[in-house]
Amino acid sequence: MAVDGVESSAVAQDFVQFALDSGVLRFGEFKTKAGRLSPYFFNSGLFDDGAKIARLAGFYADRLIESGVEFDMIFGPAYKGIPLGATVAAELARRGRNYPFAYNRKEAKAHGEGGNLVGAPLKGRVLIVDDVMSAGTAVRESIAAIEAAGATPHAVSIALDRQEKATENGVDVDHSAVQYVRNQLGLQVVAIATLDDLLNYLSGNAAADLLGAHRERVLAYRARYGAI
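Below is a summary of the structure that appears in this document. Note that this is a predicted model, so its numbers are computed, not measured. (Residues numbered from 1 in each chain as written. Predicted model: local features only at pLDDT ≥ 70, side-chain atom pairs only at ≥ 80, totals over all residues. Heavy atoms only, no water.)

Let's talk about the side chain of glutamate 91
Then, in step 1: Here glutamate 91 is to be found in helix H3 (residues 81-94).
Then, in step 2: Reaching out from glutamate 91, the side chain makes a polar contact with the side chain of arginine 95 at a distance of 2.7 Å.
Then, in step 3: Excluding its chain neighbours within four sequence positions, the residues that come into contact with glutamate 91 are Ala57, Gly58 and Ala61. (Helix = DSSP H or I, 4+ residues; strand = E, 2+ residues; numbered from the N terminus. Polar contact = N/O pair within 3.5 Å; in protein donor to acceptor, adjacent residues only side chain to side chain. Contact = heavy atoms within 4.5 Å.)

In C-alpha cells, the structure reads:
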C-alpha cells in the first residue's frame, strides 16, 4: 500500500521492521528537541550489539548503492556518526567498495597527532554518515570541518528522514532539515527510510490490527508538523 501515492522500497520496509524488532522505533508519546509531542521515537543508540549494527550498516550500504551517489570517502561526525561511519565503511569494503574513513572529536587533542580529526585525510567528495537529521546542526559542523580541510562536502546518508518542519530560533519553518541541506546547502541526502515509509508499513496487512491506532496518531502528527 502507498501513502499519498508514495511507494516504499523493500529496503525501507525491511528497515522499519528491523527498527521495530530492535526496539529502536517505538510508539507512545515522546518530546522532541523542538518541544513537540511525537507519537513515535527513533533511538539509534539501541542498535547496541554487533549483530544489530552490522545489519544496520547493510541497510546503509543497500541504499547508498541503490541511490547511485558517488563519493570518495566517508566522514562520521561525533558522536553517533563515528560507529555508523566506521561500520558502513567496513560493509562497503566487504562488498568490494573500499573507501577511506575519518571522524572528528568534539574537543581538539593537544598531544599525540593533535587536532580534532582522526583517520584518513579529508579529501575529494565526502559522504557524511549520521543517524537522523533534526536541525541540520551536525551537518553544518561537518561541512565546516570538511571544507577547512580542503575537501568537498558532497552527500549525507541517514537512517530516518522524519519529513517534519525544522525550527529556527524556536519557530517552525516550512522546510525540513533534509530539505534545507538539499536545497540550501546543495548536498545529496540518502535516507534508508522516511516517515512516508513508516506510514506505508503501518498500512500493511501484517501491521494493520496491531498498529492501526498508531498510524492515525502519526498521520495527525504529520498533518500538523509535516514539511511542505
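On we go.
What to know about the environment of proline 121
Then, in step 1: Within the element layout of this structure, proline 121 appears in the loop between strand S5 (115-119) and strand S6 (125-129).
Then, in step 2: With relative accessibility at 61%, the residue proline 121 sits in the exposed group.
Then, in step 3: For the pair proline 121 and valine 181, spaced 60 residues apart in sequence, the C-alpha to C-alpha distance is 24 Å. (Buried < 20%, exposed > 50% of the residue type's maximum accessible area, 1.4 Å probe, protein only.)

Section: the pairing of S6
Then, in step 1: For S6, a buried count of four out of five residues is recorded, marking the element as mostly surrounded by other parts of the structure.
Then, in step 2: Relative to S6, strand S3 (residues 73-76) is paired through three bridges, and the arrangement is parallel. When the bridges of S6 are listed, phenylalanine 75 appears paired with isoleucine 128.
Then, in step 3: Of the strand pairs in this sheet, S6 and strand S7 (residues 152-161) are connected by five bridges, and their pairing is parallel. Looking at the pairing, valine 126 lines up with proline 153 of S7.
Then, in step 4: Chirality of the crossover, the property in question, places the unit of S6, helix H4 (residues 137-148) and S7 among those that are right-handed. (Pairing = 2+ DSSP bridges. Right-handed = clockwise from strand over helix to strand, strands pointing away.)

Overview of the packing of helix H1 (residues 10-21) against helix H2 (residues 50-67)
Then, in step 1: Running from N to C, H1 and H2 point in directions that differ by 160°, and their axes come no closer than 11 Å. Judged by the angle between their axes, H1 and H2 are roughly antiparallel. Crossing hand, H1 versus H2: left-handed. Contacts from Val11, Asp14, Phe15 and Phe18 of H1 reach H2 at Lys52, Arg55, Leu56, Phe59, Asp62, Arg63 and Glu66.
Then, in step 2: Grouping the amino acids of the contact of H1 with H2 by side-chain chemistry returns five nonpolar, no polar and six charged. (Axes fitted to C-alpha atoms, helices over the stretch in contact; angles between N-to-C directions. Parallel < 35°, antiparallel > 145°, perpendicular 65-115°, else oblique. Left-handed = near helix turned anticlockwise from the far one by under 90°. Nonpolar A, V, L, I, M, F, W, Y, C, P; charged D, E, K, R; others polar.)

Digging into the side chain of serine 44
Then, in step 1: Considering the arrangement of structural elements, one finds serine 44 in the loop between strand S2 (37-42) and H2.
Then, in step 2: Classification of serine 44 by relative accessible area gives buried; the value is 10%.
Then, in step 3: A polar side-chain atom of serine 44 sits 2.7 Å from a polar atom in the side chain of aspartate 131.
Then, in step 4: Serine 44 has contacts with Val24, Lys80 and Asp131, leaving out every residue within four places of it along the chain.

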